[in-house]
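# Chain and residue survey
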Amino acid sequence: MKLRPVTEALDRAISKVGRKEFDRLTLHRNPQEWAVDVGHALDSLRNLQSSDVNTDYDDSWVALFYLLWYQPGQINVAYTAIRSMIDSRDAGQILLGDGGKLHVFDLGCGALAMQFAVTVAVAISLENEQCITEIRTDSYDTNKPLVTLGKKLWQQFKIEVSKDPEIAPLSEAIKKVRPRSSTSKNIFVGGNVSAESWISAIHSVYPNTWPDLKETIDQIKERTDPDAEFFTSHSMRENLLRLISPPTDTRRRHPKSTIALRWSSHFPEITRFRKEIYSEISRLPGDFRFNGRDIIWYLDRMVTWSCQDPRFLIYTRDR
Ligand SMILES: C[S@@+](CC[C@H](N)C(=O)[O-])C[C@H]1O[C@@H](n2cnc3c(N)ncnc32)[C@H](O)[C@@H]1O
């Protein structure tokens, strides 16, 4: 399956969902008012790269700009982790047995980057004639706005993918996904014992979240013995990954923690939308500085599949 039509479908889906959300948030408000919210959201997202200041994931503007910048890179990180795991297995297959069922537990799911990545990986495996009949995704997050946008994005992505026969295997894979998301810990109720299981926490491990995430991961592991585990973070927080899932002797650890991302190329529709917001704000009087930083310029950059300096901790097993 070619990457170009997948990128185009995601580009259209993110920009359509983003534009709708922007219209909702700016309804009956003048640009001077909403520009301040945009500035605060971008400032809050910059905290993702600092040490311990928290990002406000309960803010709908933060969720919107997460989608309009980070989402493609995060899907790429999750996809890279999955592909590297598959390539490192003796049989080189997405599933170990021939039961055809997969159950993914994704913690700190945000806008469902892992669900998108699993679906693309499954589409490629279907093309290679592997048997996959059902993919359950159980996605858990403590904050609503990103998950809500992720669900809207999933719906729109389905529509965009279905329009393009070049990515028919992706349509097939999407039909097999049974997504479930929750903001409470009923995530581990009703696991399918015959399915192979994966656990993931993609860039959700932070100094203030890891104890809670570890508790949830340990609870899931009591019920299911995962066939693969995927943990990623910015390089600055790599040490936290081993805290939430220390090595055991039943699984094999992927030899590398730095892995080159699989996809590159850019997203013209999302880029255009961000530039439109930038030009509207830059016409306003006053300077939009937050915590002493002029962060509005950040809207005037090209959106790509890239993610800055990711680290990976991947476990798998062979049967
Ligand atoms: C940087 S985002 C990553 C989202 C997604 N995994 C991705 O790769 O795009 C971090 C996510 O962790 C969530 N989060 C924060 N604390 C959490 C906790 N204690 N349990 C579960 N999720 C949490 C946030 O709401 C946010 O959606």
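The structure reproduced in this document is the subject of the present report. (Residues numbered from 1 in each chain as written. Predicted model: local features only at pLDDT ≥ 70, side-chain atom pairs only at ≥ 80, totals over all residues.)

### A closer look at helix α3 (residues 60–67)
The buried fraction of α3 is high, at seven of eight residues. Those residues of α3 not exposed but buried are Trp61, Val62, Ala63, Leu64, Phe65, Tyr66 and Leu67. Here the buried face of α3 lies against α1 (3–26), α2 (31–46), α4 (70–88) and α6 (144–162). (Buried ≥ 20, exposed ≤ 12 C-beta atoms within 10 Å, placed from the backbone. Helix = DSSP H or I, 4+ residues; strand = E, 2+ residues; numbered from the N terminus. Contact = placed C-beta atoms within 7 Å.)

### With respect to the sheet that holds strand β6 (residues 252–253)
With respect to topology, seven strands assemble into an open sheet ordered β3-β2-β1-β4-β5-β9-β6, the strand pairing being mixed. Each end of this open sheet is capped by a strand with a single partner; those strands are β3 (177–182) and β6. Where strand β4 (residues 196–202) meets strand β5 (residues 228–234), five bridges bridge the pair, whose relative direction is parallel. Its bridge partner being in β5, Ile199 is matched across the sheet by Glu229. Against the sheet, helix α8 (residues 210–223) contacts β1 (101–107), β2 (134–140) and β4, and its axis sits at roughly 160 degrees relative to β1. (Pairing = 2+ DSSP bridges. Axes fitted to C-alpha atoms, helices over the stretch in contact; angles between N-to-C directions.)

### A look at the site of the ligand
Contacts to the ligand come from 20 residues, most closely from Gln74, Gly108, Gly110, Asn143 and Ser204. Considering only residue class, the shell around the ligand consists of 10 nonpolar, eight polar and two charged. (Near = placed C-beta within 6 Å. Nonpolar A, V, L, I, M, F, W, Y, C, P; charged D, E, K, R; others polar.)

### Considerations on the packing of α3 against α6
Two numbers describe how α3 lies on α6: the axes approach to 8 Å, and their chain directions differ by 45 degrees. Judged by the angle between their axes, α3 and α6 are oblique. Here α3 runs over α6; the crossing is right-handed. Mapping the contact onto sequence places Ser60, Ala63, Leu64, Tyr66 and Leu67 in α3 and Pro145, Leu146, Leu149 and Leu153 in α6. (Parallel < 35°, antiparallel > 145°, perpendicular 65-115°, else oblique. Left-handed = near helix turned anticlockwise from the far one by under 90°.)

### Here we look at the environment of Val104
Mapped onto the elements, Val104 comes out in strand β1. Owing to 26 C-beta atoms within 10 Å, Val104 belongs among the buried residues under this scheme. Along the sequence, Val104 and Leu42 sit 62 residues apart, while their C-alpha atoms lie 31 Å from each other. In contact with Val104, other than residues within four places in its own chain, are Met114, Val118, Ile135, Arg136, Thr137, Asp138, Trp198 and Ser200.

### Some points on the nonpolar core
Counting residues in hydrophobic clusters, the biggest one holds 87 residues, and the most contacted among them are Phe65, Tyr66, Leu67, Ala78 and Ala117. Of all the elements, helix α5 (residues 113–127) adds the most residues to this core, at nine residues. Leave out the neighbours within four places in its chain, and Ala78 touches Ala113, Met114, Ala117, Ser200 and Ile202. (Core = buried A, V, L, I, M, F, W, Y, C linked by C-beta atoms within 7 Å.)

### Brief notes about the pairing of β2
Consecutive side chains of a regular strand alternate in pointing toward one face of the sheet and then the other. Counting buried positions along β2 yields five of seven residues, so the element is predominantly enclosed. With seven bridges connecting them, β1 and β2 associate as parallel partners. Paired with Val104 across the bridge in β2 is Thr137. After leaving β1, the chain enters α5 and then returns to the sheet as β2, a path that is right-handed. Where β2 and β3 come together, six bridges link them in parallel fashion. Note that in β3 the partner of Ile135 across the bridge is Val177. (Right-handed = clockwise from strand over helix to strand, strands pointing away.)

### A word on the environment of Asp318
Structurally, the position occupied by Asp318 is in the segment after β9 (310–316). Separated by 227 residues in the primary sequence, Asp318 and Ala91 place their C-alpha atoms 8.1 Å from one another. Apart from residues lying up to four places away in sequence, Asp318 is in contact with Arg89 and Asp90.

### Observations concerning helix α10 (residues 268–282)
In this model, α10 (15 residues) spans 21 Å end to end at C-alpha, consistent with the 21 Å of a helix rising 1.5 Å per residue. The set of residues buried in α10 consists of Ile270, Phe273, Arg274 and Ile277. Each buried residue of α10 sits inside an arc of 95 degrees when the element is viewed along its axis, so together they form one side. Structural note: α10 exposes Arg272 and Ser279 on the side pointing more than 90 degrees away from its buried face. Check the buried side of α10 and you find it contacts α1 and α2. (Expected span 1.5 Å × (residues − 1). Arc of directions from axis to C-beta.)

Purely geometric stuff here, so don't read any function into it on its own.
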